[in-house]
Amino acid sequence: MLSIFVETSCNRYNRDECVDCHVYEPLADIPKSDWHMTPDQARVMAEKIGQVDVLNTLAQQEINLTGGEATQNPHIVEIFKIFKTAAPSVCLHTNLEMNSKSSKRWLRLVEILKEGGRADITLYPTAWEKFQKPLLKELITIQNRMIVNVIFENLPHLQMQTALLTNFFSEEGSDFGHVVQLLKDYDDKVSWLIKNQPDCDEAIYTTHMDDTEAFAHGKKFTLGLSLLPAFKVGPKGIRSMTSLPFPRDPYLIHCPAARGSIDIMTIRQTGEMTPCCDVGNLKCQPEFGNLLTDSPDKIMAKFKESSKKMSTGIEKNQKNLKSGQSGKWVEEGIPPYCG
Ligand code: SF4
């Protein structure tokens, strides 16, 4: 999958439209020209994707447009159409934190769904009742498949969020019975852990949850559920070594690129690329080229060179973990939580 940023993260997502926030953090240091991807930039990227085999293969799986909040990009409908020429499936991630159905952000989203796109969301309990729930009710009448991301800080937090979804889909009738069943399966498993292993580590959690399906397929609707542990991020934007729900062991990211295989690529709106789902807070330093400015040959050369550097870096990370030096940054610039 290719994950493409079309929007800067401004953290003011409940606004119905982007307004001049340039005097405030975090936009203060970012030139206004970089806040929203433009259709011209999207065109260059889409064309270049077709010229770089590795990227083209990933695009044939799916292109995911994200941000920041992708619907806040005023050109998002046109950008969607441009990327649709490079991939059979283009989805858009949204927080659904919009004030109403008359929000321009919602109208853009509907336009994209009509054009064959798919919207995926991350559940935010603080935005659920007021913003997400009423619009999700609409969304499931317009599209018949979606992924919901659930970020959890501990097991009760996870259970509380799956309960929000269970209650929601229970009210939607028999077409969503299979979705409710999947959510109940999760609830059963998480309840068991809370009762019997409340301080479990990640290995116990993973083993216990392992055989639970990620998708509830139905004739009229398919839901994908993605459960993601949350991390503390320090004042300098550096992620901690352990996740919040499982704080006893380092939470390691398996890096396919360090093993010579590129399974996912994240492309910032500036064109810079990272071969994992990092949204910038991991601070991975090896460069994989710039999709806007580099030639296909230069991009391929960087893929090769940086994959080698990553391989050396993760070896050192693994040694550091074994020798009690977890968290130490290696000279290759590979984050210490990558192995
Ligand atoms: S080393 Fe880590 S941050 Fe860098 S690409 Fe691999 S998984 Fe991502």
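These numbers were taken from a predicted model, which means no experiment stands behind them.

## Structural notes on the packing of helix α4 (residues 104–114) against helix α5 (residues 125–142)
Point 1. Across the interface, α4 lies against α5 with an axial gap of 11 Å and an inter-helix angle of 20 degrees. The pairing of α4 with α5 is recorded here as roughly parallel in orientation. Crossing geometry of α4 relative to α5 is assigned as right-handed. Touching W106, L109, V110 and L113 of α4 are L135, E138, L139 and I142, all from α5.
Point 2. The residue makeup of the contact of α4 with α5, split by class, is seven nonpolar, no polar and one charged.

## Observations concerning the packing of aromatic side chains
Point 1. All told, the structure shown has ten aromatic pairs when counted by the stated rule.
Point 2. Here the aromatic rings of W128 and F168 are separated by 5.6 Å at their centres, their planes lie at 75 degrees, and the arrangement is edge-to-face. Of this pair, W128 sits in helix α5 while F168 sits in helix α6 (residues 155–170), and the two are 40 residues apart along the sequence.
Point 3. Centroid distance F231 to Y251: 5.2 Å. Interplanar angle 80 degrees. Geometry classified as edge-to-face. Taken together, the residues F231 in strand β8 (residues 231–233) and Y251 in the loop between β9 (239–243) and β10 (265–267) connect sequence positions 20 residues apart.
Point 4. Accessibility expressed as a relative area gives 19% for Y251, which makes it buried.
Point 5. Following the ring pairs from residue to residue traces out a cluster consisting of W128, F168, F169, F176 and F221.
Point 6. Looking at R239, its charged tip hangs above the ring of F231, at a distance of 3.7 Å from the centre.
Point 7. Above the plane of the ring of Y337 lies R239, whose end atom (NZ or CZ) is 4.1 Å from the centre.

Analysis parameters
- Starting from 1, residues in each chain are numbered consecutively following that chain's sequence as written.
- Two thresholds apply to this predicted model, a pLDDT of at least 70 for residue-level local features and 80 or more for giving and counting side-chain atom pairs, whereas whole-chain, interface and lining totals are computed over all residues.
- For side-chain calculations, the full set of non-hydrogen atoms in the structure is used, while hydrogens and water are omitted.
- Here an axis means a line fitted to C-alpha atoms, over the contact stretch when the element is a helix, while the angle between two N-to-C directions is reported on a 0 to 180 degree scale.
- Helix and strand assignments follow DSSP, with helices taken as H or I runs no shorter than four residues and strands as E runs no shorter than two, numbered in order from the N terminus.
- By the definition adopted for this analysis, an angle is roughly parallel if under 35 degrees, roughly antiparallel if over 145, roughly perpendicular if from 65 to 115, and oblique otherwise.
- Working rule for handedness: look at the near helix, and if it is turned counterclockwise from the far one by less than a right angle, call the crossing left-handed; if clockwise, right-handed.
- By the convention used here, residues are in contact when the closest approach between their heavy atoms is within 4.5 Å.
- Nonpolar residues are Ala, Val, Leu, Ile, Met, Phe, Trp, Tyr, Cys and Pro. Charged residues are Asp, Glu, Lys and Arg, and all others, Gly as well, are polar.
- Classification of ring pairs rests on two measures: the distance between centres of Phe, Tyr or Trp rings, Trp counted by its six-membered ring, which must be within 6.5 Å, and the angle between planes, read as stacked under 30 degrees, edge-to-face over 60 and tilted in between.
- Relative accessibility thresholds used throughout: buried, under 20% of the residue-type maximum; exposed, over 50%; partly exposed, between the two (1.4 Å probe, protein chains only).
- Placement of a positive charge over a ring is assigned whenever Lys NZ or Arg CZ falls within 6 Å of the ring centre and within 35 degrees of the normal to the ring plane.

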